[in-house]
Amino acid sequence: MPQTIIVLDFGSQYTQVIARRIREANVYSKVVPFDTSISELRKLDPVGIVLSGGPASVLTKGAPKPKSAIFELGVPVLGICYGLQLMGKLLGGGVEKSQRREYGRSSLKVLTKSYLFRGLPSKLLVWNSHGDCLTSLPKGFRALAQTENSNFSAIEDPNRKFYGLQFHPEVEHSEKGIEILRNFLFGVCKCKADWDMEDFTVSAIRNIRQTVGSKKVILGLSGGVDSSVAAALIHKAIGKQLICIFVDNGLLRLNEREEVKKLFRDHIPGKLKVALAGSLFLKRLKGVTNPETKRKIIGKTFIEVFDQEVKKLGDVDFLAQGTLYPDVIESVPIGGNPAALIKSHHNVGGLPKKMKLKLLEPLRELFKDEVRNLGMTLGLPKKVLMRHPFPGPGLGVRVVGEINNHRLRVLREADAIFIDELLTTGWYAKLWQAFCVFLPVRSVGVMGDERTYENVISLRAVTSSDAMTADWAQLPDKLLRRVSNRIINEVKGANRVVYDISSKPPSTIEWE
């Protein structure tokens, strides 16, 4: 088993980013609830513990706190933001409301040598997000660095190997933040960098076999990265016990059904059944405009269609899904995690409570880049592995407002043009995600000598490393101009194209 770093989750939007940064250093990380028992933590046998940030104040009654014995486990501990304040207060230091809250970038000055800042400049720009501050150090601690508004932006107790950072080293906005985390992992915790996809593959196959036994598994194959990798992994584990079903819900991209059939035929040997259910989905979505309601309807109908297929196949016990870590994080609190609900995903929040099949989610602890790496070890083609994420509800959440065949046709054709131009120019591989959105508004236009009154298409393209944060992509003017001209000239029903320049946060990547 690889060495493990435990990340205690106090509800920060960046908790999973911490876990991902650790795994990028080839060290296995596991996120657990902040109130996990000491006995459970011991079973995990961590070589280090990270206390995440969080939205609460340690000064508030009922603020989330770990078991106090966490500091008696004999392993290094790193507190980040709320984690630093929590460590300071629990170990006897002082915490107060800041006179000047720190949000955004600030200049960090390193005061003394330490493992955390080994090999790094004495001045760094770091990212803060806190309203409290440490005002006095616990016994045994010393200050490592300060900012304009905080004398204790980094602290340590070298004898007990306890460390604290008031800023967020895990986010891209912090200079040398990754190096600081790596210094904690390799300089303090003495990690061996023994986690990779081969380890995960062996472990996952073993777990799938133990969980499934001789039972049958159905997997909803979408043709995207997640479901394709899940299918390949499960097939490697149990072979013919896996039956893949592709549901054409009428909300797919242009020619998607044929592409999925070809993918399966060429790269995932086994059984594939295609369920044509577009008319049923569209019937149930008629008149529905609320995005959460759409997701629930699509999720429920998806499972109903599966149930019908199950009855045709005889005894089937498991429904496999390509659920990933970010899906779970944004949809439901993990194990008591106080993080707020953002939106429900089709493969998490859309599932009805009385689902007749047990869930098998072999990828639910992986991030997208890890899934792609896993796919490479399983022999899937790069074209599939580098495909942009596609939401479970499909175009159902890319048609803003009511869904109908006309709107879907316009969106499909526009989206195909956008992706084609991105592939042709080489921009597709530089982006995390790109797609079109159909807007339920119409605008006046002129084509030839005729007045038009048609719909608006929004282009969305973002750069990101993990989908937790994302920036809008600054595509070349020439590319945007060509995409716009093609959509307006080639897609009947669209006469205006706009470009979404919103970042996440505060916006989400998808519109609904």
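Just above, that's the structure.
It should be emphasised that the depicted structure is a prediction, and the values quoted were computed from it without experimental measurement.

## Some thoughts on the sheet that holds strand S10 (residues 217–220)
Strand order in the open sheet made by the five strands is S12-S11-S10-S13-S14, with parallel pairing throughout. In the strand order of this sheet, the two ends are held by strand S12 (271–276) and strand S14 (358–360), each with one partner. Going across the sheet, the axis of each strand differs from the next one's by a mean of 30 degrees, ignoring polarity. The strands touched by helix H5 (residues 197–212) are S10, strand S13 (318–320) and S14; relative to S14, the strand with the most contacts, the crossing angle is about 165 degrees.

## Quick notes on helix H11 (residues 368–377)
Within an α-helix, residues lying three or four positions from one another point in the same direction, as the helix has 3.6 residues per turn. Inspection of H11 places Lys-368, Glu-370, Val-371, Arg-372, Leu-374 and Gly-375 among the buried residues, and these make up the whole buried set. If you follow the buried residues of H11, they end up packed against helix H1 (15–24), H5, helix H6 (225–238) and helix H12 (382–385). One or two residues past the end of H11 sits Gly-379, with phi positive at roughly 85 degrees.

## Concerning empty space enclosed by the protein
Throughout the structure, instances matching the rule amount to two cavities of 30 Å³ or more. Residue lining of the second largest cavity: 11 residues in total, with Val-17, Arg-21, Val-171, Glu-172 and Thr-469 positioned closest to the centre. For the lining of the second largest cavity, a count of residues per class yields four nonpolar, three polar and four charged.

## Brief notes about unusual backbone geometry
For the bond from Lys-504 to Pro-505, the omega torsion is -15 degrees, close enough to zero to count as cis. Looking at the secondary structure, you find Pro-505 in the segment after strand S18 (494–499). Each neighbour pair has its own omega, and for Pro-505 with Pro-506 the value is 10 degrees, a cis peptide bond. With a phi angle near 60 degrees, Lys-190 is a residue other than glycine that sits in the positive phi range. Structurally, Lys-190 can be placed in the loop between helix H4 (177–188) and H5.

## Topic: the environment of Asn-405
Along the chain, Asn-405 falls in helix H13 (residues 405–425). Under the relative-accessibility criterion, Asn-405 is labelled exposed at 53%.

## Remarks on the pairing of strand S3 (residues 48–51)
Two faces belong to every sheet, and in a regular strand the side chains alternate between them. On S3, burial covers both faces: Gly-48 and Val-50 on one face and Ile-49 and Leu-51 on the other are all buried. Here four bridges tie strand S1 (residues 4–9) to S3, and the two strands are oriented parallel to one another. Note that in S3 the partner of Ile-5 across the bridge is Gly-48. Here S3 runs beside strand S4 (residues 77–80); their pairing, made up of three bridges, is parallel. Directly across from Ile-49, in S4, lies its bridge partner Val-77.

## What to know about the side chain of Asn-249
If you trace the backbone, Asn-249 turns up in the loop between strand S11 (242–248) and helix H7 (256–267). Its relative accessible area of 7% is what places Asn-249 among the buried residues. A distance of 2.8 Å separates the side chain of Asn-249 from the backbone nitrogen of Leu-251, its partner in a polar contact. The contacts of Asn-249, once residues within four sequence positions are left out, are Ala-277, Gly-278 and Phe-281.

Reading the values: the criteria
- Residues numbered from 1 in each chain as written.
- Predicted model: local features only at pLDDT ≥ 70, side-chain atom pairs only at ≥ 80, totals over all residues.
- Heavy atoms only, no water.
- Pairing = 2+ DSSP bridges.
- Helix = DSSP H or I, 4+ residues; strand = E, 2+ residues; numbered from the N terminus.
- Axes fitted to C-alpha atoms, helices over the stretch in contact; angles between N-to-C directions.
- Contact = heavy atoms within 4.5 Å.
- Buried < 20%, exposed > 50% of the residue type's maximum accessible area, 1.4 Å probe, protein only.
- 1 Å grid on protein atoms, 1.4 Å probe; cavity = no way out; pocket = protein on both sides within 12 Å on 5 of 7 lines; lining within 4 Å.
- Points joined across faces, edges and corners; volume = space filled by probe spheres on them.
- Nonpolar A, V, L, I, M, F, W, Y, C, P; charged D, E, K, R; others polar.
- Polar contact = N/O pair within 3.5 Å; in protein donor to acceptor, adjacent residues only side chain to side chain.

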